[in-house]
Structure formats: structure tokens, C-alpha cells
Amino acid sequence: MRFFILALSLVASSLSLADWTLQQPSSVHFLTSKNTHITEIHSFKAFTGEVKKSGFTKIDIDLSSVDTRIGIRDERMQEHLFEVSRFTSASFEAEIPATVLTQASAGQQTRFQLSGKVSLHGEQAPAHCEVLISPNKDNTITVSSITPMLIDAQSFNLIAGINKLQKIAGLKSITQTVPVMFSLTFKAN
């Protein structure tokens, strides 16, 4: 029995000292509201990410992969809101303490207040949300938002793009703060 416990603790400590790479299944979703009472769920299809053994975490999102389930709306968001011809991606960077990674690697589910910075549309702003870091049976970990990360359009110079989309679609309003939710699965390298 001692051997089994020692082997398990060695595996857990080696996982906490590894780099982690984003893999499937993973998802990034955001909500938009228009005309006050209509809220829709959208996602991004292409994104990459890593958690370094140092705790440095970075997620990169390909903005041209926006998926609103309406092709013309995807194109309009790419062109007028994200301006993908100039700004191809958005990113989130944060530091996750080694103790949190060690707990997850040892099989312990952990709630954590994730704080970092978002880079979008040539601007940067702080962002945060509460996450649940869960170990999985296949030696992966999943980081899921418990609370949404709120992205304020004004902080990223996106108001002109929102106004353009509102005018094109003939809408009375489009919200300027967008909640982002995610479920990200990482595997140790």
C-alpha cells in the first residue's frame, strides 16, 4: 500500500511540474443582447492555449472563427467589430499559482479567482472570473468558468464596431458588456 501511495504522489508531483496544452473537448462562448430582451449564445471554433509549469497561462482565440450560427452575422462581426484584417486574434494571460496546479494534479477539485489581462482589438484591460479546476480520470484537467468574465467593449475600442452592426441590422440596441464563459481541457506534455 505504501508503494502505491508513493507512486501516486510521484505521478501527481510530476504532473504539477509539467507544461499543459489545450485540447478537445474545450469551448469558449459569449452572450450578446440586442433590442433589450433578446440574448444569443455565440462561440469561437478555433483557439489554442497552454499552462506552463511556472503557472503562466495564455489562451489565444482566432477571431475569424466566431460562430453566431448565422453566416452573414459572422462576416459582419469579423469585418466591422473585430476588424480581423487588422486584429486577427484575442488573448487572455494570467498566472496560476503552483499550489493550485499541484492540487489539481493530485486529484483535488479547486475553486480559484483567475485574474489576468485580455488583449483585444489593439488594447489591453484586466479581466477576472472565478473558475473551477477539475482533474479528470484521463490525466487531464478542465478549467471551467463559474462566473462569467465580463468584457467591456469600451475598454477595447469596440463601440464604433457595435454601432456599425446595430445600424446595419436595424437594431434599437446591442449591449456593450459581454459575458464570456469557457470550459478548457488541458493535457500534461
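Refer to the structure presented above.
Only a predicted model underlies this, so the values are computations on that prediction, with no experimental measurement involved.

Tallying secondary structure elements over the protein chain gives 4 helices and 11 strands in all. With the principal axes as the frame, the protein chain shows a C-alpha extent of 70 × 30 × 25 Å. Considering only residue pairs separated by 6 or more positions, the protein chain has 61% of its internal contacts joining residues 24 or more positions apart. Of the roughly 10500 Å² of accessible surface on the protein chain, 56% is carried by carbon and sulfur atoms. One finds the centroid of the 17 positive side-chain charges in the protein chain at a distance of 4 Å from the centroid of its 16 negative side-chain charges.

Omega for the bond connecting Gln24 with Pro25 falls within 30 degrees of zero, at 5°, which places this linkage in the cis form. Within the secondary structure layout, Pro25 lies in strand β1 (residues 20-34). The phi dihedral of His121 falls on the positive side, at around 60°, and the residue is not glycine. Tracing the chain through its elements places His121 in the loop between β7 (110-120) and β8 (123-135). In this structure, Asn139 is a non-glycine residue whose phi angle is positive, near 65°. On the secondary structure map, Asn139 appears in the loop between β8 and β9 (140-145).

Taken as a whole and judged by the stated rule, the model has 2 aromatic pairs. A centroid spacing of 6.0 Å and a plane angle of 50° characterise the contact between Phe44 and Phe82, whose relative ring orientation is tilted. Pair noted here: Phe44 is in strand β2 (residues 38-44) and Phe82 is in helix α2 (residues 71-82), with a separation of 38 residues, a long-range link. The class of Phe82 is buried, set by a relative accessible area of 7%.

Another aspect to go through is α2. Taking 1.5 Å of rise per residue, the 12 residues of α2 would be expected to cover 16 Å, and the 15 Å separating its terminal C-alpha atoms lies within 8% of that figure. Residues of α2 that are buried: Arg73, Asp74, Met77, Gln78, Leu81 and Phe82. The buried residues of α2 all sit within an arc of 140° when viewed along its axis, so they share a single face. Structurally, α2 contributes buried residues whose contacts are with β1, β2, β5 (66-67), β7 and α4 (159-169). Glu83, located one to two residues past α2, shows a positive phi value of around 50°.

Here the focus is the pattern of salt bridges. Going through the model one piece at a time under the given rule, you end up with 9 salt bridges. A salt bridge links Lys52 to Asp19, with the shortest nitrogen-to-oxygen separation between them at 3.9 Å. Of this pair, Lys52 sits in the loop between β3 (47-51) and β4 (56-62) while Asp19 sits in the loop between α1 (2-16) and β1, and the two are 33 residues apart along the sequence. Its relative accessible area of 29% is what places Lys52 among the partly exposed residues. A relative accessible area of 24% places Asp19 in the partly exposed class. For Arg73, the salt bridge identified is with Glu40, shortest N-O distance 2.7 Å. Note that Arg73 is positioned in helix α2 and Glu40 in strand β2, a separation of 33 residues in sequence.

Our next topic: the pairing of strand β10 (residues 149-152). Only one face of β10 is covered, namely the face carrying Met149 and Ile151; the face carrying Leu150 and Asp152 is uncovered. Two strands pair when backbone bridges link them, and β10 and strand β11 (residues 177-188) are joined in this way by 4 bridges, in the antiparallel orientation. Looking at β11, one finds that Leu150 is bridged to Pro179.

Cut-off values and rules
- Residues numbered from 1 in each chain as written.
- Predicted model: local features only at pLDDT ≥ 70, side-chain atom pairs only at ≥ 80, totals over all residues.
- Heavy atoms only, no water.
- Helix = DSSP H or I, 4+ residues; strand = E, 2+ residues; numbered from the N terminus.
- Contact = heavy atoms within 4.5 Å.
- Areas by Shrake-Rupley, 256 points an atom, 1.4 Å probe, with all protein chains shown as cover.
- Lys, Arg positive; Asp, Glu negative; His and termini not counted.
- Charge placed at Lys NZ, Arg CZ, Asp CG, Glu CD.
- Phe/Tyr/Trp six-rings, centres within 6.5 Å; stacked < 30°, edge-to-face > 60°.
- Buried < 20%, exposed > 50% of the residue type's maximum accessible area, 1.4 Å probe, protein only.
- Expected span 1.5 Å × (residues − 1).
- Arc of directions from axis to C-beta.
- Salt bridge = Lys/Arg side-chain N within 4 Å of Asp/Glu carboxyl O.
- Pairing = 2+ DSSP bridges.

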